[in-house]
Structures are given as C-alpha cells and as structure tokens.
Amino acid sequence: MNIQQSEEDIINERMKEYGYPSSGYIITNKTVRYSDASFVILSNSPKKYSIGGVQSLNKARAYLNSEYNQELAEHNYMIDVEPESIEEYQENNNYYWMFKMRFGKVGTEGDFMGYVMVDRRTGHCKMEGLFG
C-alpha cells in the first residue's frame, strides 16, 4: 500500500537525516540543534539561525508566488520547489536551506531550473538558476 506523506512530514524526515532531533534539542560541536531545524552556534557572540525546515518551504513558496507565479499563471505556467529536495547549504559563512526549483505547465511536474535558497538567519530568498 502506498501512503502519501504530507510535505511537512517529508521535511521533518529530512531534518532527522541531517541530525536534528525529533523533540527538544541536542548540542554537538558547539552547535545547539532544535527540533524545528533551527540552530545556534555557540561562540563569543552566539549566532542564531531561526528559520526551520518547514518555515523555509513556506518562505520559498511565498517568494515564488509573489515574484513569479502571478504573472506565469496568466500563461498556464508555474514555478515551484520540491520539499523532498531540501538541503543544508553554506556559502561565504552564510547558512541556507536550498530547494530544487521546477518550472512548467500548471498540473505537470515541470523541469529542473535551478535552486531557491532561504537564508536561515533572515528568511530572505534568492534563486540560482540554469540561466544565471
């Protein structure tokens, strides 16, 4: 029997794979990891990265909807992210959640077109696509 998982369940399963606890918190390598997939780096001035996995999915979709999907819908196209593709990503001492991005006709899976990254500290989103 094939059981359909919710997107939140998919994200939470991926968070466990990355070492986040299912409840409470754990401390490893001077980092406190919380069950919502936020974390704090313990240093002279602690740095908090409060954007968790499910929250990043919602922020990525809100970004795509506000920036692109309204105009694309007029032409029966959409752009979306894959919840199961969530990855931790670090660049220039910044931490992100990264999702694969797909573009295509409404009602289709679409084609891979790049990534949407959500800054884990601020929640700001950016795209890196095949064309720049």
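Residues numbered from 1 in each chain as written. Predicted model: local features only at pLDDT ≥ 70, side-chain atom pairs only at ≥ 80, totals over all residues. Heavy atoms only, no water.

Peer 1: Any chance you could break down a nonpolar patch on the surface for me, citing the residues and the numbers?
Peer 2: On the surface, a nonpolar cluster with roughly 400 Å² of combined accessible area is contributed by Tyr 25, Ile 27, Tyr 34 and Leu 42. Assignment of secondary structure puts Ile 27 in strand β1 (residues 25-28). Relative accessible area serves as the criterion here: at 54%, Ile 27 is assigned to the exposed category. (Patch = residues over 30% accessible without salt bridge, like charges linked within 9 Å, V, L, I, M, F, W, Y side chains within 5 Å. Areas by Shrake-Rupley, 256 points an atom, 1.4 Å probe, with all protein chains shown as cover. Salt bridge = Lys/Arg side-chain N within 4 Å of Asp/Glu carboxyl O. Helix = DSSP H or I, 4+ residues; strand = E, 2+ residues; numbered from the N terminus. Buried < 20%, exposed > 50% of the residue type's maximum accessible area, 1.4 Å probe, protein only.)

Peer 1: A description of the packing of aromatic side chains should follow, citing residues and the corresponding values.
Peer 2: Inspection of the entire model under this criterion finds ten aromatic pairs. Considering the side-chain rings of Tyr 18 and Trp 97, the 6.5 Å spacing of their centres and the 55° angle between planes classify their relative orientation as tilted. Taken as a pair, Tyr 18 in the loop between α1 (7-17) and β1 and Trp 97 in strand β7 (residues 94-105) lie far apart in primary sequence, 79 residues in all. Look at Tyr 18 and you get partly exposed, because its relative accessible area is 23%. For the pair Phe 39 and Tyr 95, a centre-to-centre distance of 5.3 Å together with 80° between the ring planes defines the contact as edge-to-face. Residue Phe 39 is located in strand β3 (residues 39-41), and its partner Tyr 95 is located in strand β7; the two are separated by 56 residues in the primary sequence. We classify Phe 39 as buried; its relative accessible area is 6%. With a relative accessible area of 22%, Tyr 95 lands in the partly exposed category. One aromatic cluster is present, formed by Tyr 18, Tyr 20 and Trp 97 through successive ring pairs. A cation over a ring is seen here: Arg 33 above Tyr 20, with NZ or CZ 4.5 Å from the ring centre. (Phe/Tyr/Trp six-rings, centres within 6.5 Å; stacked < 30°, edge-to-face > 60°. Lys NZ or Arg CZ within 6 Å of the ring centre and 35° of its normal.)

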